[in-house]
Amino acid sequence: APEEDLTRLRDSIQHLHGLFYLVALGEFNAGKSALLNALLGERLLPEGVTPTTDRLHLVTYGPQAGAASQASATSQTDALVEWTFPAEWLRGVCLVDTPGSNSVFREHEALARQFIHWADVVLFVMAANRAFAETDRLYLDLIREFRSKVVLVVNQTDLLAPGERDEVLGYVAEAFQRAAGYTPEIIPVSAKLAQRAAILAG
C-alpha cells in the first residue's frame, strides 16, 4: 500500500543520527514535490502539472506546533527556499527538493551538485509512464559522479494498466543496472494517493 511504502521511508530516516540529507531528483511532473508532501502528510511544497520547483527547496524540523498552515518559509533567495515543518521524524533531517526542469536545474546546478554531494540518500523519482526520460540521464550522470546511495521511486503507478507494473519495474531495474552498474532499491508508489491517505489520516 502507498502509505506502507512511505512509512518504510520515514522509519529508515528516523533511525539515523546527525543531519541526514535526503535529496529528491527527477524530471518535472515526475512527482518529487508530491512525494515529499506525502512524506510530510501535508501539502507544504508547491506542486503542479507545470514546473513549480524553480529553486531548491529545503525542509528541516521547526518547533511550530499545529497544522501545515503554521509551517513557514524561513528564508528565500533566487536559488533556495528554506522551510521548517513540525514533524518529529524530521529532527536531524534535511529534505531537498531539486528543480525538475533541465534548464532550471542547469541554472542552479552548482548548488544542486553540492546537495547531491552531501546526500545520504538520493530519491531518484521517475514517472511510471515515462521512466528514464531524457532529463533522467542528466541525473544518472550526477549519481554516478558522486556514487550516491540511491532509492529509485517509480511514481504514478496508479496510472498503469493492470499487468504493466511488473513490466515497468523490470525495465527500470535493467536500465539503471546498464547505466550505473548496480540495481538500487526500487519502490513503486502513487504519491498522490499516499498524500491523500496521509492527509485524511492526519
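Residues numbered from 1 in each chain as written. Predicted model: local features only at pLDDT ≥ 70, side-chain atom pairs only at ≥ 80, totals over all residues. Heavy atoms only, no water.

A. Quick peek at unusual backbone geometry. The backbone phi angle of Q156 is positive, close to 65 degrees, even though this residue is not glycine. As for its placement among the helices and strands, Q156 is situated in the loop between β7 (150–155) and α6 (164–180). By relative accessible area, Q156 is classed as buried at 17%. (Helix = DSSP H or I, 4+ residues; strand = E, 2+ residues; numbered from the N terminus. Buried < 20%, exposed > 50% of the residue type's maximum accessible area, 1.4 Å probe, protein only.)

B. How the structure looks around helix α2 (residues 32–40). For α2, a buried count of 9 out of 9 residues is recorded, marking the element as mostly surrounded by other parts of the structure. When α2 is considered as a whole, its buried residues turn out to be K32, S33, A34, L35, L36, N37, A38, L39 and L40. Looking one or two residues past α2, G41 carries a phi angle of roughly 80 degrees, positive in sign.

C. Spatial organisation of the nonpolar core. Grouped together as the largest cluster of nonpolar side chains are 33 residues, with contacts concentrated most on V96, F105, F115, F124, F132, V172 and F176. Elements with a contribution of two residues or more to this core: β1 (20–25), β2 (56–61), β5 (93–97), α4 (109–118), β6 (121–127), α5 (134–146), β7 and α6. In contact with F124, not counting residues within four places along its chain, are L25, G26, F132, D136, Y139, L140, I143, V150, V151, L152, V153 and F176. (Core = buried A, V, L, I, M, F, W, Y, C linked by side-chain atoms within 4.5 Å. Contact = heavy atoms within 4.5 Å.)

D. Quick look at the packing of aromatic side chains. Counting across every chain of the model gives 5 aromatic pairs. With 6.1 Å between their ring centres and 50 degrees between their planes, Y21 and F115 make a pair best called tilted. Of this pair, Y21 sits in strand β1 while F115 is found in helix α4, placing the two residues 94 residues apart along the sequence. What makes Y21 buried here is its relative accessible area of 15%. Given a relative accessible area of 6%, F115 falls into the buried group. Aromatic pair F115 and W118: ring centres 5.2 Å apart, planes at 90 degrees, arrangement edge-to-face. Pair noted here: F115 and W118 are both in helix α4, with a separation of 3 residues, about one helical turn. Here the aromatic cluster, defined as three or more aromatic residues joined through ring pairs, consists of Y21, F115 and W118. (Phe/Tyr/Trp six-rings, centres within 6.5 Å; stacked < 30°, edge-to-face > 60°.)

E. Focus on the side chain of E27. Along the chain, E27 turns up in the loop between β1 and α2. Classification of E27 by relative accessible area gives buried; the value is 11%. At 2.5 Å, the side chain of E27 forms a polar contact with the side chain of R130. (Polar contact = N/O pair within 3.5 Å; in protein donor to acceptor, adjacent residues only side chain to side chain.)

F. Fine view of the pairing of β6. For β6, a buried count of 7 out of 7 residues is recorded, marking the element as mostly surrounded by other parts of the structure. Residues V121, L123, V125 and A127 of β6 are buried on one face, and the alternating residues V122, F124 and M126, pointing to the opposite face, are buried as well. Where β6 and β7 come together, 6 bridges link them in parallel fashion. Bridge pairing in β7 links M126 to V154. (Pairing = 2+ DSSP bridges.)

G. Structural context of the side chain of N155. Relative to the elements of secondary structure, N155 occurs in strand β7. Relative accessible area serves as the criterion here: at 3%, N155 is assigned to the buried category. Among the polar contacts made by the side chain of N155, one reaches the main-chain carbonyl oxygen of A30 at a distance of 2.9 Å. Setting aside residues no more than four positions away along its own chain, N155 makes contact with A30, G31, V125, M126, A127, A128, V189, S190 and A191.

H. Structural view of the confidence of the model for the protein. Per-chain confidence: the protein averages 78 in pLDDT, with 77% of residues scoring 70 or above. Here helix α1 (residues 2–14) is the element of the protein with the lowest mean pLDDT, 58, and strand β8 (residues 185–188) is the one with the highest, 92. (pLDDT = per-residue confidence, 0-100.)

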